[in-house]
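What follows is each chain in one-letter form.
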Amino acid sequence: MQRNPCIANIKAGYLFPEIAKRRREFAAAHPQAKIISLGIGNTTEPVMPHINAGLAEGARQLGTAEGYSGYGDEQGLTALREKIASVLYNGLAEPDEVFISDGAKCDIGRLQLLFGSGVKAAVQDPSYPVYVDGSVLIGSAGGWTGNGYDGIIYLPCIAANDFFPDLSIIPSDCIIYFCSPNNPTGAVANKDQLAALVKTALQKKSIIVFDAAYSEFIRAPALPKSIYEIEGAKECAIEVNSFSKTAGFTGVRLGWSIVPKALKYASGESVNTDWNRICTTIFNGASNIAQAGGLAALDSEGQKEIRFLTDYYLENAALIRKTLIAQGITCTGGDNSPYIWACFPGRDSWEVFSEILEKCHVVTTPGAGFGPAGNGYIRFSAFGHRADVEEACARLV
Ligand SMILES: *Cc1c(COP(=O)(O)O)cnc(C)c1O
């Protein structure tokens, strides 16, 4: 049996396993060190009571004759689709444009099936790894060239352009992956910037996959939380989102994608119809227990809990940001996002990663792991217990 040749194209050592390996090696050599992780973007705080009661009630009902349900609609519970449309999109999306998923990352992988292996992909550089790795797996990008993957159009987002890319390098007919608030830079695109992005996608007959996984961390009222706040976006953009970082559902697994009915392929066919077909073919729907939790998260009480939880992580972010700035380190993010992107000009980011681990016993994420333009940067994650974040900050000075 032949191996899928695309798998061989994926560079060895996905970022986070490599970080975990280096942490293990350090811990083995320094068994007395109390290592604190500000590395992986994994949530740490418990699910809040109202949302947790929703999950528990969903599980309890499964044990009753009246409440039991088996397979549900692959697109998700109608009530949840309606509630996402009304509570989170306030008329910007219709319930039948909302598709419930087991998470944004899984959907980003599956969405690539809509376009197949012939399509070009443009990504913010640096970016969340799944856009690029998924493109390599489906065969729309080739092998590792030593400085990125063959065929991926990297859009550098660096201090010199205020972490918003030069859109003129985007070719026609491509998928543009765009994440705002961005992981890893923490940068949030403003309305004018997103309007320019939408305009480019329409002109270049391209489709944007907009990753809004951190939209609930936005506090500045003028910053857009959804791409659909921009006119014309429904003709050129799919939006993915998730309860992972906001409700602490990283392990529960629940997200959604918005696939507008106005979104068409060049041939005029409906992308929404095809996405429905893909969901019913290779996805059997999100867990009904998780969806019961999602319904609770969208109640007014659940929304307050999400605000509380995201505020908590944003306070961590502010502490880290303040500490770094006091050290004279230039950084971005950490105000409307749980990530702080710290600049170490001219330095190799794996080297800075090792230095912070060895001197402070703090695990971070080297920027180079997110793309070629990430070298020279370190990502600090605000996902952590307050006491650990305070201790890590004390060690960083
Ligand atoms: C964490 C994260 C997600 C969420 O993925 P899930 O599969 O929903 O847990 C999506 N996009 C980005 C950029 C993320 O950092």
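Refer to the structure above for everything that follows.
These numbers were taken from a predicted model, which means no experiment stands behind them.

## Observations concerning the site of the ligand
(1) Moving on: D211, Y214, S244, K245 and R253 are the nearest of the 14 residues found near the ligand.
(2) Moving on: For the ligand, an oxygen atom lies 2.5 Å from a polar atom in the side chain of Y214.
(3) Moving on: The protein chains hide 95% of the 390 Å² of surface that the ligand would expose on its own.
(4) Moving on: Mapping the ligand onto the cavity grids shows that it belongs to the second largest pocket.
(5) Moving on: If you list the elements that add at least two residues to the shell around the ligand, you get helix 5 (104-111) and helix 8 (244-247).
(6) Moving on: Here the shell around the ligand is built from residues that sort into 6 nonpolar, 4 polar and 4 charged.

## Thoughts on the nonpolar core
(1) Moving on: Core analysis: the biggest nonpolar cluster contains 43 residues, and I84, I208, I227 and F243 have the highest contact counts within it.
(2) Moving on: Among the elements that take part in this core, helix 7 (residues 191-203) stands out by supplying 4 residues, more than any other.
(3) Moving on: One finds F26, I320, A342 and A392 within the second-largest nonpolar core, a separate group that totals 38 residues.

## Examining the sheet that holds strand 13 (residues 377-381)
(1) Moving on: Read across the open sheet, the 4 strands follow the order 9-10-13-12; overall the sheet is antiparallel. Each edge of the open sheet is held by one strand with a lone partner, namely strand 9 (331-333) and strand 12 (365-366).
(2) Moving on: Sheet analysis places strand 9 next to strand 10 (residues 339-343), joined by 3 bridges and oriented antiparallel. Bridged to T332 within strand 10 is W341.

## Overview of the environment of F16
(1) Moving on: Looking at the secondary structure, you find F16 in helix 2 (residues 15-29).
(2) Moving on: C-alpha separation for the pair F16 and G369, spaced 353 residues apart in sequence, amounts to 8.7 Å.
(3) Moving on: With sequence-adjacent residues up to four places away left out, F16 is seen in contact with I40, T365, F370 and R379.

## Let's talk about helix 13 (residues 386-396)
(1) Moving on: V389, A392, C393 and L396 are the residues of helix 13 that are buried. Projected onto a plane normal to the axis of helix 13, the buried residues spread over an arc of 100° and lie on a single side. Counted as exposed and oriented over 90 degrees from the buried face of helix 13: A387 and A394.
(2) Moving on: Residues of helix 13 that are buried in the fold lie against strand 1 (36-37), helix 11 (300-326), helix 12 (349-360), strand 11 (362-363) and strand 13.

## Let's talk about the sheet that holds strand 5 (residues 174-179)
(1) Moving on: Pairing is mixed across the open sheet formed by 7 strands, whose spatial order is 2-8-7-6-5-3-4. What marks the edges here is a single partner per strand, and that holds for strand 2 (98-101) and strand 4 (152-156). For this sheet, the mean inter-axis angle between neighbouring strands, taken without regard to orientation, is 20°.
(2) Moving on: One ladder, built from 4 bridges, connects strand 2 with strand 8 (residues 255-258); its direction is antiparallel. Bridge pairing in strand 8 places S101 opposite G255.

## Focus: the layout of surface pockets
(1) Moving on: Estimated volume of the largest pocket: approximately 530 Å³.
(2) Moving on: Broken down by element, the residue count for the lining of the largest pocket peaks at 3 residues, all from helix 6 (residues 130-138).
(3) Moving on: Classifying every residue of the lining of the largest pocket gives 15 nonpolar, 8 polar and 3 charged.
(4) Moving on: In terms of lining residues, the second largest pocket is bounded by 24 residues, among which G41, K105, Y128, K245 and T250 are the most central.
(5) Moving on: Elements that contribute at least two residues to the lining of the second largest pocket include exactly helix 5 and helix 8.
(6) Moving on: Partitioning the lining of the second largest pocket into residue classes produces 12 nonpolar, 7 polar and 5 charged.

## A look at the pattern of salt bridges
(1) Moving on: Under the criterion given, the structure shown has 18 salt bridges.
(2) Moving on: Here R60 and E57 are joined by a salt bridge, their closest N and O atoms 3.0 Å apart. Within this pair, R60 and its partner E57 are both found in helix 3 (residues 49-62), separated by 3 residues, close to a single helical turn.
(3) Moving on: In this structure E57 comes out as partly exposed when scored by relative accessible area, which is 32%.

## As for the packing of aromatic side chains
(1) Moving on: Overall, the coordinates contain 20 aromatic pairs when judged by the stated rule.
(2) Moving on: Aromatic side chains Y313 and F383 sit 4.7 Å apart centroid to centroid with 65° between the ring planes, which places their arrangement in the edge-to-face category. Of the two residues, Y313 is situated in helix 11 and F383 in the loop between strand 13 and helix 13; the sequence distance between them amounts to 70 residues.
(3) Moving on: With relative accessibility at 0%, the residue Y313 sits in the buried group.

## Some thoughts on the side chain of Q291
(1) Moving on: Position of Q291 among the secondary structure elements: in helix 10 (residues 288-298).
(2) Moving on: Contact partners of Q291, with chain neighbours within four places excluded, come to G76, L77, L80, I100, L254 and A286.

Thresholds, definitions, all that
- Residues numbered from 1 in each chain as written.
- Predicted model: local features only at pLDDT ≥ 70, side-chain atom pairs only at ≥ 80, totals over all residues.
- Heavy atoms only, no water.
- Near = heavy atom within 4 Å.
- Polar contact = N/O pair within 3.5 Å; in protein donor to acceptor, adjacent residues only side chain to side chain.
- Areas by Shrake-Rupley, 256 points an atom, 1.4 Å probe, with all protein chains shown as cover.
- 1 Å grid on protein atoms, 1.4 Å probe; cavity = no way out; pocket = protein on both sides within 12 Å on 5 of 7 lines; lining within 4 Å.
- Sits in = over half its atoms within 2 Å of the grid points.
- Helix = DSSP H or I, 4+ residues; strand = E, 2+ residues; numbered from the N terminus.
- Nonpolar A, V, L, I, M, F, W, Y, C, P; charged D, E, K, R; others polar.
- Core = buried A, V, L, I, M, F, W, Y, C linked by side-chain atoms within 4.5 Å.
- Buried < 20%, exposed > 50% of the residue type's maximum accessible area, 1.4 Å probe, protein only.
- Pairing = 2+ DSSP bridges.
- Contact = heavy atoms within 4.5 Å.
- Arc of directions from axis to C-beta.
- Axes fitted to C-alpha atoms, helices over the stretch in contact; angles between N-to-C directions.
- Points joined across faces, edges and corners; volume = space filled by probe spheres on them.
- Salt bridge = Lys/Arg side-chain N within 4 Å of Asp/Glu carboxyl O.
- Phe/Tyr/Trp six-rings, centres within 6.5 Å; stacked < 30°, edge-to-face > 60°.

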